[in-house]
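Coordinate inspection notes
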Amino acid sequence: MSDTVTRLAATQAEIARMTRDFEREPDSVTLIAVSKTMPAEVILPALEAGQRAFGENYVQEAKAKWPGLRERFPDAQVHMIGPLQSNKAREAVELFDAIHSLDRESLAKELAREIARTGRAPTLFVQVNTGDEPQKGGVSPAEIDAFLELCRVRHGLVIDGLMCIPPADQPPSPHFALLAKIAARHGLRGLSMGMSADFEAAIQLGATHVRVGSAIFGARS
Ligand SMILES: *Cc1c(COP(=O)(O)O)cnc(C)c1O
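Residue indices begin from 1 for each chain and proceed along its sequence in written order. Restriction of local features to residues with pLDDT of at least 70 applies here, the model being predicted, together with a cutoff of 80 or more for giving and counting side-chain atom pairs; totals for whole chains, interfaces and linings are based on all residues. Side-chain numbers here rest on the full set of heavy atoms in the structure, without hydrogens or water.

1. Section: the site of the ligand
The immediate surroundings of the ligand are formed by 13 residues, with K36, S196, G213, S214 and R220 found nearest. Polar contacts, as counted here, are pairs of nitrogen or oxygen atoms within 3.5 Å of one another; within protein the pair requires one atom able to donate a hydrogen and one able to accept it, and residues that are adjacent in sequence qualify only if both atoms are side-chain atoms. K36 places a side-chain nitrogen or oxygen 2.8 Å from an oxygen atom of the ligand. Within the side chain of S196, an N or O atom sits 2.5 Å from an oxygen atom of the ligand. Residue burial considers only the protein chains on display, and all accessible areas are found by Shrake-Rupley using a 1.4 Å probe. Surface burial for the ligand is 89%, taken as the share of its 390 Å² of free accessible area covered by protein chains. The residue inventory of the shell around the ligand, partitioned by class, reads six nonpolar, four polar and three charged. Whether a residue is near a molecule or strand is decided by its heavy atoms; if any one of them lies within 4 Å of it, the residue is near. Each residue is assigned to one of three groups, with Ala, Val, Leu, Ile, Met, Phe, Trp, Tyr, Cys and Pro labelled nonpolar, Asp, Glu, Lys and Arg labelled charged, and all others, Gly among them, labelled polar.

What follows is the structure, given as C-alpha cells:
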C-alpha cells in the first residue's frame, strides 16, 4: 500500500473511533481528503481505495486535475474550501460539488446567478471568521445573522451549513462550539470544521465535514 492509502485508512479508523466515543452516528462525519497541491498521481491511490470526497483550494488547479480523475471516478465529490473570487463563480459552480467559502454578498449574487443559469446546485457552506482575524476570509459572528438572511431572502440561496478555520494560535474548541451554536440557531445541519491537527475536537463538537490534508497526503511543499 502507498503511504497515502495507509494514512487514509488510519484517518478513517480514527474518525470511526471518535464517532463511537462521542456517541455520534457512524456515517454522520464526512471525511474530505484535502488534495490541494497534490498531483493527480498522488490522489489516484486514494480514489482507488474508495475515498470519494476531496478538498481543493484553487479553481485553476482543480480545473487542471479533476476532469481527468472524474472520468475514471464519476462519483468523486470535489469541495472548494479555499477563498473564492466572485469572478470565478461560473467555473466554481461548474466544477465543484460543494463550496465552503461563501462569505460576501458579491459572491452570493454571482453564485445565485450561475445556479439559476445552469441548474447545478453545489452544497453551500458560509464561512464564519470566528476569531475576527483581519487577514482571514469569512463573515464576522456579529454579521452572520444578517448575511444568512441576505443569502436566503435576497439571493434565494439554499445554505446547507457553516465553515470555520480557527486562529492558529488559539485552542480550537471554543471556535467550533461557537460555529455549532450559530448553526443551531439557524437550523443549519452542516458543520465544516476540523483539520489534521484538530479534527477530534471538531467531531466532539458536532462536525459533519472534517477537512484533512497533511495527515493523509503528507506535508505540502
Ligand atoms: C489546507 C486546508 C485544510 C487542510 O489542512 P491540513 O492541516 O493539511 O489538514 C483544511 N481546510 C482548509 C480551508 C485548508 O485550506
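2. Some details on the packing of aromatic side chains
The geometry of an aromatic ring pair is captured by two quantities: the separation of the ring centres and the angle between the planes. Each Phe, Tyr or Trp ring, with Trp reduced to its six-membered ring, pairs with another whose centre is within 6.5 Å; inter-plane angles below 30 degrees give stacked pairs, above 60 give edge-to-face pairs, and intermediate values give tilted ones. For the structure shown, the criterion picks out one aromatic pair. Taking 5.1 Å as the distance between ring centres and 45° as the angle between the ring planes, the aromatic pair formed by F54 and W66 counts as tilted. Residue F54 is found in strand β2 (residues 53–56), and its partner W66 is found in helix α3 (residues 59–72); the two are separated by 12 residues along the sequence. Judged by relative accessible area, W66 falls into the buried class, the value being 0%. Helix and strand assignments follow DSSP, with helices taken as H or I runs no shorter than four residues and strands as E runs no shorter than two, numbered in order from the N terminus. Summary of the burial criterion: residues with accessible area below 20% of their type's maximum are buried, those above 50% are exposed, and those between are partly exposed, where the area comes from a 1.4 Å probe applied to protein chains only.

3. Considerations on the UniProt feature "modified residue: N6-(pyridoxal phosphate)lysine" (unreviewed entry) in the chain
Per the UniProt record, "modified residue: N6-(pyridoxal phosphate)lysine" (unreviewed entry) is annotated on K36. Mapped onto the fold, K36 is located in the loop between β1 (30–34) and α2 (40–48). With a relative accessible area of 16%, K36 lands in the buried category. For K36, the residues in contact, after removing those within four places along its chain, are G55, E56, N57, E61, K65 and R220. UniProt positions are given in the numbering used here, feature names are shortened, and annotations may be inferred rather than shown by experiment. Whether two residues touch is decided by their heavy atoms; if any such pair falls within 4.5 Å, the residues are in contact.

4. A look at helix α6 (residues 144–154)
Listed as buried for α6 are I144, F147, L148 and C151. Buried residues along α6 cover an arc of 100° about the axis, so they all sit on one side. Exposed residues lying more than 90 degrees from the buried face of α6 are A146, V153 and R154. Buried residues along α6 sit against β4 (98–102), α5 (105–118), β5 (123–127), β6 (161–163) and α7 (173–185). When we speak of the arc, we mean the arc of directions from the helix axis to the C-beta atoms.

5. Brief notes about the pairing of β4
For a regular strand, the rule is simple: side chains alternate between the two faces of the sheet. Burial analysis of β4 places five of its five residues in the buried class, which makes it a mostly covered element. Across two bridges, strand β3 (residues 77–80) lies against β4 in parallel orientation. Across the sheet, residue M80 finds its bridge partner in β4, namely I99. Handedness rule for crossovers: strands pointing away from the viewer, path from the first strand over the helix to the second running clockwise, crossover right-handed. A crossover connection joins β3 to the parallel β4 through helix α4 (residues 89–95); in handedness this β-α-β unit is right-handed. Following the chain from β4 across α5 to the adjacent parallel β5, one finds a crossover that is right-handed. Strand pairing is defined by DSSP finding a minimum of two bridges between the two strands.

6. Quick look at the UniProt feature "domain: Alanine racemase N-terminal" (unreviewed entry) in the chain
The positions that UniProt labels "domain: Alanine racemase N-terminal" (unreviewed entry) are, in the present scheme, residues 12–220. Between the end C-alpha atoms of residues 12–220 the distance is 20 Å, and the span holds 42% helix and 16% strand.

7. A word on the side chain of T208
Counting through the fold element by element, T208 comes out in the loop between α8 (199–204) and β8 (209–212). Excluding anything up to four places from it in sequence, T208 contacts R24, S28, V29, T30, R189, G190 and L191.

8. Some words on the state of the cysteines
Cysteine sulfur pairs qualify as disulfides if the two atoms are within 2.5 Å. Counted under the stated rule, the structure contains zero disulfides. Considering cysteine sulfurs only, C164 is the nearest to C151, which forms no disulfide, with 17 Å between them. For C151, a relative accessible area of 0% translates into the label buried.

9. Description of the pattern of salt bridges
In the sections that follow, a salt bridge refers to a side-chain nitrogen of Lys or Arg positioned within 4 Å of a carboxyl oxygen of Asp or Glu. In total, this model carries 15 salt bridges according to the counting rule given. In this structure, K65 engages E61 in a salt bridge whose closest nitrogen and oxygen atoms are separated by 2.6 Å. Taken together, the positions of K65 and E61, both in helix α3 and four residues apart, correspond to about one turn of that helix. The structure contains a network of salt bridges with shared partners spanning R17, D21 and E200.

10. Re α3
Between its first and last C-alpha, α3 extends 20 Å over 14 residues, near the 20 Å set by a 1.5 Å rise per residue. Along α3, the largest kink reaches about 35° and is centred on W66; proline P67 follows within four residues of it. Of all the positions in α3, only V59, E61, A62, K65, W66, L69 and R70 are classed as buried. The inward-facing, buried residues of α3 abut α2, β2, β3 and α4. Expected helix span is taken as 1.5 Å per residue step, with the number of steps being one fewer than the number of residues. One axis is fitted to the seven residues ending at the residue and one to the seven starting there. The bend at that residue is the angle between these axes.

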